[in-house]
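# A closer look at the structure
The primary structure of each chain is shown beneath.
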There are 4 protein chains.
Amino acid sequence: MKLCGFEAGLQHPFFLIAGPCAIESESLALRTAEALRDICARLGIPFIYKSSYDKANRSSGQSFRGPGRDEGLRILEKVRRETGVPIITDVHEKEDVSVVAEVADVLQTPAFLCRQTDFIQAVAAAGKPVNIKKGQFLAPWDMLHVANKAKATGNDQIMVCERGASFGYNNLVSDMRSLAVMRQTGCPVVFDATHSVQLPGGQGDRSGGQREFIPVLARAAVAAGVSGLFMETHPDPAQALSDGPNAWPLGRMESLLRVLQQIDHLVKEQDFPENHPEELA
Amino acid sequence: MKLCGFEAGLQHPFFLIAGPCAIESESLALRTAEALRDICARLGIPFIYKSSYDKANRSSGQSFRGPGRDEGLRILEKVRRETGVPIITDVHEKEDVSVVAEVADVLQTPAFLCRQTDFIQAVAAAGKPVNIKKGQFLAPWDMLHVANKAKATGNDQIMVCERGASFGYNNLVSDMRSLAVMRQTGCPVVFDATHSVQLPGGQGDRSGGQREFIPVLARAAVAAGVSGLFMETHPDPAQALSDGPNAWPLGRMESLLRVLQQIDHLVKEQDFPENHPEELA
Amino acid sequence: MKLCGFEAGLQHPFFLIAGPCAIESESLALRTAEALRDICARLGIPFIYKSSYDKANRSSGQSFRGPGRDEGLRILEKVRRETGVPIITDVHEKEDVSVVAEVADVLQTPAFLCRQTDFIQAVAAAGKPVNIKKGQFLAPWDMLHVANKAKATGNDQIMVCERGASFGYNNLVSDMRSLAVMRQTGCPVVFDATHSVQLPGGQGDRSGGQREFIPVLARAAVAAGVSGLFMETHPDPAQALSDGPNAWPLGRMESLLRVLQQIDHLVKEQDFPENHPEELA
Amino acid sequence: MKLCGFEAGLQHPFFLIAGPCAIESESLALRTAEALRDICARLGIPFIYKSSYDKANRSSGQSFRGPGRDEGLRILEKVRRETGVPIITDVHEKEDVSVVAEVADVLQTPAFLCRQTDFIQAVAAAGKPVNIKKGQFLAPWDMLHVANKAKATGNDQIMVCERGASFGYNNLVSDMRSLAVMRQTGCPVVFDATHSVQLPGGQGDRSGGQREFIPVLARAAVAAGVSGLFMETHPDPAQALSDGPNAWPLGRMESLLRVLQQIDHLVKEQDFPENHPEELA
C-alpha cells in the first residue's frame, strides 16, 4: 500500500508514526518534528509526525486536553510546512473529520471508538489514509469487520493498529499473535509500542505507564513482523502534559530505532512461516 | 435519588429497565411495552421501557441497525403516550442529544463511549437522568471519574451500569465486586443482565450470547445488591433482529422477576456489611 | 449425594465448610469448631469443620505453614471427638492420603493440583468424599474431565469447588456462570467465598485479600445456586497466621449465614431455568 | 551461569531446550535427538534434549501419558549415551526426584506445581540445574519468591521459564514484559514457545494449539531478550501422541532457529535499556 509517498507493508521496511502525545505548544511541536525527521532521515525510515489537538478521553475531567482543534490544526499545518513531514492526528467526532482531513495526511481513530460504525465510515470517507486502533476489548480477528466497514466507503488505504488488550483491571497485555492475525485484514499492521505499556487508570485520576517496557515490546513486535510502528515521544517525559509515563525519551529515540530497524531488516529478509499455516501441518 | 417518579437506591426496591434491544416495529414496541408495564404493575416494580433506534456499533457493517433516530423517536413517543411508561434510549452522537432528550425520560450512554468526556458531558447536560454503562475495558473504581465528569455538568441524576468486563477474547465476565465498588460513586448502580452474557464477536460477524446465564447473573447481582436491573427481552428471541442470543424471552419475564424481587426484598431488609469495611477489621 | 450424614445437592439447603485457614493451635481449633458448630446448629445448617495442617504453597518460603501433618491430624481428631463435627482438610501429597483419610471425614484437593491425574485419583481412591477445588487457570467446563478422573476410581462422592479464576495479574474474578456450568459434572458445586477475594501475591511476599467482598460474593453465589459454601474464618483475622486478609470474622459469621440461608431457601423453592436451556429458545 | 558446559545468560547466545513432548518410543527419541543435535551443531547453538516420561496432567484420564518413569529414564539415558547430548526432563513427584536426577542433566518442574514449596525445594535440592516453569496463574514478579525458595536449598543453577498466562478461558497470552521482569530473579530466563500457543482444554477432552504462532512468539521473545528457548518438536506433529497441535515440525526447525539466532545475536550486541529503568526518566 502506498502511504505518504512510501510503500507500506510486510515486505517493506517499517514506517514510523511518532511525536508527543498532545500538542503542548507550537515550539515543542516544531522542535520534535524536526528532531524526528532528522533521525529518520539518517536511518532511512519513512516517518509521519503524530500529535493530538484534543485528548478527548482523559481519565479525569480535570486533565490537560490540548490546544483544541483549530489552534491544533494551525500548529500541525505549520509543522508540515516548515519541516516537510507528513502529519497524522486523531479525530474523535464525525463533525471534525472534514476540517481535520484538510490538514492531516493520515487520520487516526481512537481505540475506544473502533466499533462506532458511522464514525469509522465518516473518517474513512474523507479519502485520507486511516490508522484504526484496535479496541482494548476486541479480539484481533474481529478487526476484519472493522477494516471491512472502513473499506466499504471505497477507501483502501486502511491500517490497523494493536495497542494492547484488557488484561484484568488497570493493565493491558500485548498479544504478539495479534500482529499476525490482523494481517488477514489485508491492511498494513501497526504496533503502538507506547500505549501498550499504559496502566489504564493506574494512578487513580490518570493512567500510569511503564516506560521501561517500550523497548521490550517494540523489539518483540518488530520481530513478530509489522508494517509500521507507533511511538509517543517527548524531550522530557517527566514534564509531558499527557501520557508522560508511557512516552519514550526523544534523546533515546535514535538508538532504539536503530536496533528495531536491524531486527526489521532481518526478519523481512526471510519468509514468515505463520503466513502459510497450511504448510505447517 | 428520584427517578421517573419513584425512588432509586440501595435502600429501595430495584427498578427495571427492559425492552427489546432494537425498535423493530411500532407494533412490537407497543406490544412489549404493554406486556412489561402490566407485569411490573402486578409485581409493583418501577419500570422504564428501553429500546434503541440505532445500533451504532454492530460487529458487521451489514447488520440490522434499527429504524433510525427520527422514526425511532416517533415510535418511542407513541409508546410513552399510549402505555404511559417512561422511556429510556441510548444516544451515541452529541448532535442527537437534544432531540432525543425531548422524547426520552432517561438517556443512556454506550459502554464503548464511557471515556469520551465531551460526549458524556453533552448527554449529562441535557438535564435528563442518565444511565452510564461501564466500558468493558474499565475497572469499576474508574467509574468514579466518569460519574464525576457527568455530575460536573450539574446533573445529579446519574446512574452507573455494569455490563461485563473483557475476559480474554470474545468473552465477558461479570465481576460482582464491581456492584459494590461502584456504590462509591454515590450513584444508583444498575446491572445489565443481558449484555453481560454476550460473547462479543463470538459468532464471527456478530456477537453471540448465552441466554441461559441471564437468570444466574441476574439472581447473583440482585443478591449482591443493586438499585436497578437492565434486561433486554423479546417475545421470540430467535427472531430478534438484534442481540437475540442474549435476550430473555418475554413470556418468562414475570417468573424471573418474581424470584429476583424476593431476593431483592430479602437482602435489602438487612445491612450490607461491605458498605462498612472499617468494621470488618 | 449423601455427605457426612446429610443430603448435599441443589435441591437441598447448602452445607457449610468453615474454619480457620491453618491450624494455629489446639485451643484455637477447638474454640472455633465449637463456635461454628453452635452457630450452624442454631441455624440448621449442615457443617463440616475445615483447617489445614500444612500450607504447602505459600508465596514465600518464610511464611507460617502450620503444625505439620502429624500434629495437625492429632488436633483435628481431637476437634472431631470433642465437638462431634465432621472434619475436612486438604492433602497435597500422594503419600499423605491414607493417613489423612483415617482422620478426615472429607478430603480436599488444592486448586493448583486439580490437573495432577495421579494425585487426584490417589485422593479419590481413599474412599472418602472429596472436594476438588477448580484451578484458577481452568475453564469451568474443563472440571468435567477432572471430576471424571476422580469418579473413575469408583468414588462417587465428589464435589467441585469454584475459588476464582485468574484475571490479569494478582487478581481473581468469580464467574458466577461457573457455578451453573459445573452442575454438568453431576457433582455438588461448592463456592469458596473467601479464597475468591484473594489478591494472589498482591502484597509482595504474601497474598492480599479484600475481606469486604466476602459477603458480596457469598450472597451472589448462593443466589446463583450452590450445594455448599466454603468460608475461612478467624476470631481475629488481623492476627491470623495465614490468609487473614481474606478471612471472615467469626463474630460476624452468624449474621452473614442467616441472610445466605434465606437467599438459599428462596432460590431453591423455585426452578433454576438455566438447567433447562433448551426451553429458553 | 554455567549450564551443561556452556554459559547461559542474557550476555550469551540463547541455548535451546527441544524434543518431542512425550517419549513415544526409543527409536523416535534417538532419531529426534540426533537430528536436533546435528542442527544445533551446525548452527552453534547449545542444546539440551527434552522429552517427558509421564504426562501427569493431561486434560482427560484417557490420554496417552508416556512410557512411565523407569522405561522413560532408560530411553533418556540411552539417548544421552548414544548421541552425547545433555538431557532435561520434568519431574512431578517428590519421590521421583532422586532417581530422575541420576539420569537427567537438568530437571524441569511443571507450571501447575510452581507454588508447591516442598516439591520445588526437593527438586532444587537434588543439585542439578532446574528449569522452573512459571504458573499460568502467576504474575512474573512473583517468580522471584519461587526462585528464592529454590535457591534457599543452596542450588544456584535455577532457570525461570515463561509459558503463557491465563487469558480468559481456554487461552493463554504471552506477555513479553514478563521476560524482562523475570530477569530480576537473577536467573536465566527461558521462553517456552510451544506451550505458549496452547489452547488449554480447547478441544474438549484435550488441549488445542495454534502451531502457526510458534514462530511469531519465538521471534518476539528472542527479540525481547532471553537466555534460553524451549520448543517441542516432532517429525510428524499430526501423529504426535501428546501436544501435537502445538509442536513445531522437526523438518522446519533449522530454518526457524536460523532466524532466531540472528535476532538473538543482533539484540545482544546492544544494551537492553529496560535493564536500567532509572536512566529512562
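Here is what the cut-offs are and how they apply
Residues numbered from 1 in each chain as written. Chains lettered and ligands numbered in written order. Predicted model: local features only at pLDDT ≥ 70, side-chain atom pairs only at ≥ 80, totals over all residues. Heavy atoms only, no water. Helix = DSSP H or I, 4+ residues; strand = E, 2+ residues; numbered from the N terminus. Rg over C-alpha atoms; globule rule 2.2 N^0.38 Å. Buried < 20%, exposed > 50% of the residue type's maximum accessible area, 1.4 Å probe, protein only. Contact = heavy atoms within 4.5 Å. Buried area = accessible area lost by both parts, 1.4 Å probe. Salt bridge = Lys/Arg side-chain N within 4 Å of Asp/Glu carboxyl O. Least-squares fit on C-alpha atoms with pLDDT ≥ 70 in both. Polar contact = N/O pair within 3.5 Å; in protein donor to acceptor, adjacent residues only side chain to side chain. Nonpolar A, V, L, I, M, F, W, Y, C, P; charged D, E, K, R; others polar. Pairing = 2+ DSSP bridges. Axes fitted to C-alpha atoms, helices over the stretch in contact; angles between N-to-C directions. Left-handed = near helix turned anticlockwise from the far one by under 90°.

## Focus on the overall build of chain A
The helix and strand tally for chain A stands at eight helices and 15 strands. Taking 281 residues into account, the globule formula puts the C-alpha radius of gyration at 19 Å, and chain A, at 17 Å, falls close to it. Oriented by its inertia axes, the alpha-carbon framework of chain A measures out at about 55 × 40 × 40 Å. Within chain A, the proportion of its 281 residues that are buried is 68%. The contacts in chain A between residues at least 6 apart in sequence include a share of 70% that link residues at least 24 apart.

## Focus on the interface of chain A and chain D
Opposite the 40 residues of chain A that make contact, chain D presents 40 residues. Taken over both partners, the interface formed by chain A and chain D buries close to 3,500 Å², and the fraction arising from carbon and sulfur atoms is 67%. On the chain A side of the contact with chain D, Arg177(A), Arg219(A) and Leu280(A) bury the most area, a combined 20% of that side's loss. Taken together, the connections running from chain A to chain D amount to four salt bridges. When the shortest N-O distance is used, the salt bridge between Arg252(A) and Glu279(D) registers 3.4 Å.

## Some words on the relation of the copies chain D and chain B
Expressed as a screw operation, the relation of chain D to chain B combines 0.0 Å of axial shift with a rotation of 180°, fitting to an RMSD of 0.0 Å. What we have between these two chains is a two-fold relation. For chain D, the minimum C-alpha distance to the rotation axis belongs to Gly168(D) and amounts to 1.9 Å. An overlap of 100% is found between the interface residues of chain D and their copies at the interface of chain B, pointing to a shared contact surface.

## Describing the relation of the copies chain A and chain D
The transformation that overlays chain A on chain D combines an axial shift of 0.0 Å with a rotation of 180°, and the residual RMSD is 0.0 Å. Here 100% of the interface residues in chain A have copies in chain D that are interface residues too; the copies meet face to matching face.

## Looking at the interface of chain D and chain B
In this complex, chain D contributes four residues to the contact, which on the side of chain B involves four residues. When the buried surface of chain D facing chain B is broken down by residue, Phe167(D), Gly168(D) and Tyr169(D) rank first, second and third, together holding 86% of it. There are zero residue pairs in polar contact (both at pLDDT 80 or more) connecting chain D and chain B. Residues of the side of chain D that touches chain B, tallied by class, amount to two nonpolar, two polar and no charged.

## Regarding the pattern of salt bridges
In the structure shown here, the tally under the stated rule is 88 salt bridges over all chains. In this structure, the salt-bridge partner of Glu274(B) is Arg219(C), at a minimum N-O distance of 2.5 Å. Remark: Arg219(C) occurs in helix α7 (residues 214-224) and Glu274(B) occurs in the segment after α8 (253-269); the pair is interchain, linking two chains. Arg219(C) carries the same exposure label as Glu274(B), and that label is buried. In this structure, Glu71(D) engages Arg74(D) in a salt bridge whose closest nitrogen and oxygen atoms are separated by 2.9 Å. Here the residue Glu71(D) and the residue Arg74(D) both occupy positions in helix α2 (residues 69-83), the gap between them amounting to three residues, near one helical turn. Members of the salt-bridge network, linked through shared partners, are Glu26(A), Glu71(A), Arg74(A) and Lys78(A).

## Remarks on the pairing of strand β11 (residues 189-192) of chain C
Along any regular strand the residues' side chains alternate between the sheet's two faces. Residues and elements named next belong to chain C. Both faces of β11 are covered, namely the face carrying Val-189 and Phe-191 and the face carrying Val-190 and Asp-192. Relative to strand β14 (residues 228-234), β11 runs parallel, the two being bridged by three bridges. In the strand pairing of β14, Phe-191 is matched with Leu-229.

## Details of the packing of helix α1 (residues 26-43) of chain C against helix α8 (residues 253-269) of chain C
All names here are of chain C. Two elements in contact, α1 and α8, have axes separated by 10 Å at closest approach and are oriented at 35°. Judged by the twist between their axes, the crossing of α1 over α8 is right-handed. Taking contact as the criterion, the partners of Leu-36, Ile-39, Cys-40, Arg-42 and Leu-43 in α1 are, on α8, Met-253, Glu-254, Leu-257, Arg-258 and Gln-261. For the contact of α1 with α8, the class distribution of residues is six nonpolar, one polar and three charged.

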